[in-house]
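Report on the structure
Listed here are the chains, written in short residue letters.
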Amino acid sequence: MFNLCERTIMAKDKTVPVATIKSMAGNVPEFPMPVKIKHLNGTETTLEFMAKAMRKTEWAALRDAHLNYVKPTGDEDGAIKFSYTKAVGEDMQKAADLISKCASGWDLADAFTPETLVELEDTFGGALGAVLTAYDAAIFHGRVGN
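Here the structure is a predicted model, which means the values were calculated and not measured. (Residues numbered from 1 in each chain as written. Predicted model: local features only at pLDDT ≥ 70, side-chain atom pairs only at ≥ 80, totals over all residues. Heavy atoms only, no water.)

This paragraph deals with the side chain of glutamate 121. Turning to its location among the elements, glutamate 121 is positioned in helix H3 (residues 114-123). The side chain of glutamate 121 sits in the buried core without any salt bridge; arginine 63 is the nearest counter-charge, 12 Å away. If we ignore the near neighbours within four places in the chain, the residues touching glutamate 121 are Met92, Gly126, Ala127, Leu128 and Gly129. (Helix = DSSP H or I, 4+ residues; strand = E, 2+ residues; numbered from the N terminus. Buried < 20%, exposed > 50% of the residue type's maximum accessible area, 1.4 Å probe, protein only. Lys, Arg positive; Asp, Glu negative; His and termini not counted. Salt bridge = Lys/Arg side-chain N within 4 Å of Asp/Glu carboxyl O. Contact = heavy atoms within 4.5 Å.)

In this section: the packing of helix H1 (residues 56-65) against helix H4 (residues 127-141). H4 packs onto H1 with a crossing angle of 150° between their chain directions and a minimal axis gap of 9 Å. Accordingly, the angle class assigned to the pair H1 and H4 is roughly antiparallel. At the point where H1 passes H4, the crossing takes the left-handed sense. The segment H1 lies against H4, with Lys56, Trp59, Ala60 and Arg63 engaging Leu132, Tyr135, Asp136, Ile139 and Phe140. Residue composition of the contact of H1 with H4, grouped by class: six nonpolar, no polar and three charged. (Axes fitted to C-alpha atoms, helices over the stretch in contact; angles between N-to-C directions. Parallel < 35°, antiparallel > 145°, perpendicular 65-115°, else oblique. Left-handed = near helix turned anticlockwise from the far one by under 90°. Nonpolar A, V, L, I, M, F, W, Y, C, P; charged D, E, K, R; others polar.)

One open sheet holds the three strands; their spatial order is E1-E2-E5, and the pairing between them is antiparallel. Among the strands making up the open sheet, the edge pair consists of strand E1 (30-38) and strand E5 (103-106). When the angles between neighbouring strand axes are averaged without regard to direction, this sheet yields 30°. Pairing geometry for E1 and strand E2 (residues 44-52), over nine bridges, is antiparallel. (Pairing = 2+ DSSP bridges.)

The structure is reproduced here in structure tokens:
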């Protein structure tokens, strides 16, 4: 018969580093932010962006400033015309400009510029939306990673 009083279980104490906050100054200026990008065939690739740390309120103000309102254009007779080419181009450019404000680089060999961000979106539709969603999750919810 097994008697619990006769058996001693030794537990190992593991030290876990604990991060403490002593001041709100000195926040990390940048952090790595992996983003999953989907190929048209359904496979995924992970790109790592170097994201700039900012306050929630700063990011919210930038998001507000870059809301994309579709502005129809009128011709001489006052008819309203919509152009997918114009809307898509403006949307990609606005997203690229916004990402340029919240990130400083990536792990691609290509230079990190608004033009290459537009090229990324043009080639891999939804890529810039995935970057913005990842940044939103990091800043608004404190989640970084996949």
